[in-house]
Amino acid sequence: MQQIEAVTLSQLGAYIKQLVSDANISTWIVAEIHSISVSKHCYIECVEKSEQHGDIVARMKFNIWGNVANTLLSNFESETGQQLQAGLKIMFFATISYHELYGISGTISAINPEYTLGALERQRRDTIRRLTEDGVVDMNKMFELPLALQNIAIVSSDMAAGYGDFCNQILNNAYNLSFNLKLYPAMVQGADAPQSIISALDAIAAEPTLPDVVVLIRGGGSKADLLCFDNYDLACNIAQFPCPVITGIGHERDNSVCDIVAHTRTKTPTAAAEFIVGHNLLLLERIVALRTRLYETSQDILALMRRRTDNMQMQLISSTQGRVGATMQYVDRLYTQLKLTTQNNLRAQILHIKQLKLSLQQLSYKLIRDQGNNISTLQRIIAIYAPTDTLRRGFTITTLNGKRITNASDVSKGDVLTTITHNGKIISVVERVL
């Protein structure tokens, strides 16, 4: 077996260390802070990401020792208004070294704050450009605010002073306007803030009924504290949110990408509350103005109707008086005609009655005379046919049980018959019927 020459790992490390030392690599480097830890010293892990996909293509650790760290970090914050933190792109001067146990690292001795300021602005402009190219930058502004903003969803940290300022301002407004507030808690600072706010927005969108408006609140802070509001994904979510979004982020001088894509940007959380109260106050003022206009219009209409009624009343009185006069004349004529007609009819009826009375008297006299003659005739006939005269001529009347007998078949053997003569009665018993 052929003997292979090899070196130990420490020998290889010493060799690499010598090479790096001989190379004397000290240079300005541009990178993005991936993580940072500050104690007595400052330890930073930097990365470089692909412009096409955002993948990490390089990674290296750096450190800033002791008092140098205090000076550099303090100067950077003073110049940029923000602290070194994950997500920032920085330009720094570092010396590269190699350690057998810890590998390659760099020691930072200077940081260029101007680059970070320019990088942040370039990043911000690039985010706005992407949103514009995507056609979403003005989408949320297309919503029309409801006439009254009553149900309000708040995205903020429940511990943030800005949240307390907002609630105090809106609930204790001078006009006693009432509101329904609901908090959707979210982180509003740091690298995890964008996704936390997006999750809160998703929770609002999943509600059965959307609120009238969403208010994104974050009080004042450094530029670094507000970096999360320049995040592309967060701004894209706000731009496309299905109801109006109002922002009250930072101070008056701050204007984040989220402010740009929101429906309405206010300078502070307190200003956001004032805007909502003012919006509802405008509606209240419009209602009061409409009520005043309605009252005034109704008064004008009533006055006009009174004038018209008075005119109609005068016309009616005048017209009625004329018609009443004409009617009275017509009634008088009718009365005169009726009186004459009645009198003529009455005289004619009286004359007719007198004629009828005379005719009735004449007919009565004739009828009485005729009836008297008839009675005399009947008396003579009755006298001729009276039973007593008939009986005197020899005729009799025979009865059975009080009933006159006209036929022999009306009696039977043994019947007791009564025979009436002109001067008495004869009682007989039937022996035989022939």
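Now for a look at the structure at hand. (Residues numbered from 1 in each chain as written. Predicted model: local features only at pLDDT ≥ 70, side-chain atom pairs only at ≥ 80, totals over all residues. Heavy atoms only, no water.)

Quick look at the overall build of the protein now. Helices and strands together make up the secondary structure of the protein, namely nine helices and 14 strands. Taking 434 residues into account, the globule formula puts the C-alpha radius of gyration at 22 Å, and the protein, at 67 Å, lies well above it. Among the 434 residues that make up the protein, the fraction classed as buried is 31%. Of the contacts made within the protein by residues no fewer than 6 positions apart, 61% connect residues no fewer than 24 positions apart. Summed over its atoms, the accessible surface of the protein is roughly 28,800 Å², and 56% of this surface lies on carbon and sulfur atoms. Treating the 40 positive side-chain charges of the protein as one cloud and the 40 negative ones as another, the clouds have centres 35 Å apart. (Helix = DSSP H or I, 4+ residues; strand = E, 2+ residues; numbered from the N terminus. Rg over C-alpha atoms; globule rule 2.2 N^0.38 Å. Buried < 20%, exposed > 50% of the residue type's maximum accessible area, 1.4 Å probe, protein only. Contact = heavy atoms within 4.5 Å. Areas by Shrake-Rupley, 256 points an atom, 1.4 Å probe, with all protein chains shown as cover. Lys, Arg positive; Asp, Glu negative; His and termini not counted. Charge placed at Lys NZ, Arg CZ, Asp CG, Glu CD.)

Taken as a whole and judged by the stated rule, the model has three aromatic pairs. Between Tyr-43 and Trp-65, the aromatic rings sit 6.2 Å apart at their centres with planes inclined by 85°, giving edge-to-face as the arrangement. With a gap of 22 residues between them, Tyr-43 in strand β2 (residues 42-49) and Trp-65 in the loop between β3 (56-64) and α2 (66-80) connect regions that are remote in the sequence. On the basis of relative accessibility, which here comes to 40%, the residue Trp-65 falls in the partly exposed class. Taken together, a centroid distance of 4.8 Å and an interplanar angle of 70° make the contact between Phe-62 and Phe-92 edge-to-face. Pair noted here: Phe-62 is in strand β3 and Phe-92 is in strand β4 (residues 89-99), with a separation of 30 residues, a long-range link. This pair shows no difference in class: Phe-62 is buried, exactly as Phe-92 is. A cation over a ring is seen here: Arg-130 above Tyr-232, with NZ or CZ 3.7 Å from the ring centre. (Phe/Tyr/Trp six-rings, centres within 6.5 Å; stacked < 30°, edge-to-face > 60°. Lys NZ or Arg CZ within 6 Å of the ring centre and 35° of its normal.)

For helix α8 (residues 269-384), with 116 residues, the first-to-last C-alpha span of 147 Å runs short of the 172 Å given by 1.5 Å per residue. For α8, every residue scored as buried is listed here: Pro-269, Ala-271, Ala-272, Ala-273, Ile-276, Val-277, His-279, Asn-280, Leu-281 and Leu-283. (Expected span 1.5 Å × (residues − 1).)

If you check the backbone angles, Asn-176 has positive phi at about 60° while not being a glycine. Following the sequence through the fold, Asn-176 ends up in the loop between α4 (161-171) and β7 (180-185). The class for Asn-176 is exposed, based on a relative accessible area of 73%. In the Ramachandran plot, Asn-401 falls in the positive-phi region, its phi being about 55° despite a non-glycine side chain. Topologically, Asn-401 is positioned in the loop between β11 (397-400) and β12 (403-404). Look at Asn-401 and you get exposed, because its relative accessible area is 73%.

A word on the pairing of strand β6 (residues 151-156). Taken across its six residues, β6 has five buried, putting it largely inside the fold. Two strands pair when backbone bridges link them, and β6 and β7 are joined in this way by six bridges, in the parallel orientation. Bridging from a neighbouring strand, Asn-151 pairs with Asn-180 of β7. Read from β6 through α4 to β7, the crossover connection turns out right-handed. (Pairing = 2+ DSSP bridges. Right-handed = clockwise from strand over helix to strand, strands pointing away.)

Bringing the packing of helix α5 (residues 193-205) against helix α6 (residues 232-239) into the picture now. At a minimum axis distance of 9 Å, the contact between α5 and α6 shows a crossing angle of 20°. Between α5 and α6, the angle is such that the two are roughly parallel. The interaxial crossing formed by α5 with α6 has left-handed handedness. Contact with α5, carried on its side by Pro-194, Ile-197, Ile-198, Leu-201 and Asp-202, involves Asp-233, Leu-234, Asn-237 and Ile-238 of α6 and no other residues of that element. (Axes fitted to C-alpha atoms, helices over the stretch in contact; angles between N-to-C directions. Parallel < 35°, antiparallel > 145°, perpendicular 65-115°, else oblique. Left-handed = near helix turned anticlockwise from the far one by under 90°.)

Strand pairing in a sheet relies on backbone hydrogen bonds, with the paired strands running either antiparallel or parallel. Taken in spatial order, the four strands of this open sheet run β12-β11-β13-β14, and their pairing is antiparallel. The open sheet has two free edges, formed respectively by β12 and β14 (424-429), since each of these has just one partner strand. Bridge analysis of strand β13 (residues 416-421) against β14 gives six bridges, and the strand direction is antiparallel. Directly across from Thr-419, in β14, lies its bridge partner Ile-426.

In contact at an axis separation of 10 Å, helix α3 (residues 113-133) and α6 are set at 40° when each is read in the N-to-C sense. Considering the relative orientation of α3 and α6, their crossing is right-handed. Seen from α3, the contacting residues are Thr-127, Arg-130 and Leu-131; seen from α6, they are Tyr-232, Ala-235 and Cys-236. Tallied by class, the residues present in the contact of α3 with α6 amount to four nonpolar, one polar and one charged. (Nonpolar A, V, L, I, M, F, W, Y, C, P; charged D, E, K, R; others polar.)

Once that is clear, we can look at the environment of Leu-72. With respect to the helices, strands and loops of the structure, Leu-72 is situated in helix α2. Taking C-alpha positions, Leu-72 is 9.8 Å from Pro-113, a pair spaced 41 residues apart along the chain. Excluding anything up to four places from it in sequence, Leu-72 contacts Ile-64, Ile-108, Ser-109, Ala-110 and Ile-111.

On to the layout of surface pockets. Here the idea is plain: a probe the size of a water molecule rolls over the atoms and shows the empty space left. Its boundaries defined by the atoms lining it, the largest pocket holds a volume of some 1,300 Å³. Surrounding the largest pocket, 40 residues form its lining, Glu-32, Lys-49, Gly-87, Lys-89 and Gln-123 being those nearest its centre. Residue assignment for the lining of the largest pocket shows that the elements contributing at least two residues are β1 (26-38), β2, α3, α5 and α6. Per-element tally for the lining of the largest pocket: the top contributor is α3, with nine residues. Counted by class, the lining of the largest pocket contains 16 nonpolar, 12 polar and 12 charged residues. (1 Å grid on protein atoms, 1.4 Å probe; cavity = no way out; pocket = protein on both sides within 12 Å on 5 of 7 lines; lining within 4 Å. Points joined across faces, edges and corners; volume = space filled by probe spheres on them.)

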